[in-house]
Amino acid sequence: MLNDYLKTLISEYADDELDLETTRQVSDFIAENSEAEGYFNKLQSLRRLTTEHLREEAEDPTLELRMMNALRLRSYEQTWWERVFASRALSPRKATAVALVIIVIVLFLFSYFQAPVSRFLADTRTRVEQLGGEAQTELTERRDELTESLGELLAPPSPDEEEGERTTSATEPEVSVA
C-alpha cells in the first residue's frame, strides 16, 4: 500500500523534479515494488493523454473581434431580462415547470384551508345576522321611545294642566296667599 508521501515522490519522479540521489532511490523502489511500478505507469499514461488532448490549437484571428461584437450587441441592444432569457437561465421549460409547481401549491393550500375558511365565513355570517337582529330590535325600541317623547312634547297642553301650571308658577308652594 502506497502512502501519500511515496505517491508524491513517484509523481515528482515522473515530472523529473527530484535531485539525482532521490531520483536513484525512487527508481530503485519502483523497480523493486510492483504496486509502485503500476502507479508510475498510470501517471505516465495520464501524462500522455493530457499532452495529446491539450495541444495548442491554431489561433483564430477573428475570435477577439467576434467576442467584442457579441459584447457590444449584448450591452447596447438587450435589456437585462432579454439577457436572462438569452442565457437560458429562465428557459420556457423552466418557466412552465415553475408555474405548474406554483399552481399545484396554490390548489393544495386552497383545498387544505377551504374547510376552516368556510367554517369561519359561516360563523361570521351567523354572528352578523344575530347582531343585525339585536340592533334592529334596539332601534325599534328607541324609535318607539323617541316617538312617544316627541308626542308628549308636541301635544297641546290640556286645560287642567294649564291652570295648575299657572297657579304653581306664580306662587311658591310654601307661601300661602290670603
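Note that this is a predicted model, so its numbers are computed, not measured.

1. Re the nonpolar core
Part 1 of the reasoning: Judged by nonpolar contacts, L2, L9, I10, A14, L18, V26, I30, A36, F40 and L43 together constitute the single largest core of ten residues.
Part 2 of the reasoning: For this core, the elements supplying multiple residues, two or more each, are helix 1 (4-14), helix 2 (20-32) and helix 3 (34-53).
Part 3 of the reasoning: If we skip the residues at most four places from it in the chain, L43 touches I10, S11 and A14.

2. Considering the confidence of the model for the protein
Part 1 of the reasoning: When pLDDT is averaged along the protein, the result is 79; 74% of the residues meet or exceed 70.
Part 2 of the reasoning: Per-element confidence in the protein ranges from a low mean pLDDT of 57 for helix 7 (residues 159-170) to a high of 89 for helix 2.

3. Focus on the packing of helix 2 against helix 3
Angle between the axes and distance between the axes: these two values describe a pair of packed helices.
Part 1 of the reasoning: Remark: helix 2 packs on helix 3, axes separated minimally by 5 Å, with the N-to-C direction vectors making an angle of 110 degrees. Classified by the interaxial angle, the pair formed by helix 2 and helix 3 is roughly perpendicular. Only S34, A36, E37 and F40 of helix 3 make contact with helix 2, whose side of the interface consists of F29, I30 and E32.
Part 2 of the reasoning: Of the residues in the contact of helix 2 with helix 3, the class split is four nonpolar, one polar and two charged.

4. Some points on a nonpolar patch on the surface
Part 1 of the reasoning: Nonpolar side chains collect at one region of the surface, where V101, I105, F108, L109, Y112, F113, V117, F120 and L121 lie side by side and expose about 930 Å² of accessible area between them.
Part 2 of the reasoning: By secondary structure assignment, the location of F113 is in helix 6 (residues 92-154).
Part 3 of the reasoning: Looking at F113, the relative accessible area reads 42%, which means it is partly exposed.

The rules behind each value
- Residues numbered from 1 in each chain as written.
- Predicted model: local features only at pLDDT ≥ 70, side-chain atom pairs only at ≥ 80, totals over all residues.
- Heavy atoms only, no water.
- Core = buried A, V, L, I, M, F, W, Y, C linked by side-chain atoms within 4.5 Å.
- Buried < 20%, exposed > 50% of the residue type's maximum accessible area, 1.4 Å probe, protein only.
- Helix = DSSP H or I, 4+ residues; strand = E, 2+ residues; numbered from the N terminus.
- Contact = heavy atoms within 4.5 Å.
- pLDDT = per-residue confidence, 0-100.
- Axes fitted to C-alpha atoms, helices over the stretch in contact; angles between N-to-C directions.
- Parallel < 35°, antiparallel > 145°, perpendicular 65-115°, else oblique.
- Nonpolar A, V, L, I, M, F, W, Y, C, P; charged D, E, K, R; others polar.
- Patch = residues over 30% accessible without salt bridge, like charges linked within 9 Å, V, L, I, M, F, W, Y side chains within 5 Å.
- Areas by Shrake-Rupley, 256 points an atom, 1.4 Å probe, with all protein chains shown as cover.
- Salt bridge = Lys/Arg side-chain N within 4 Å of Asp/Glu carboxyl O.

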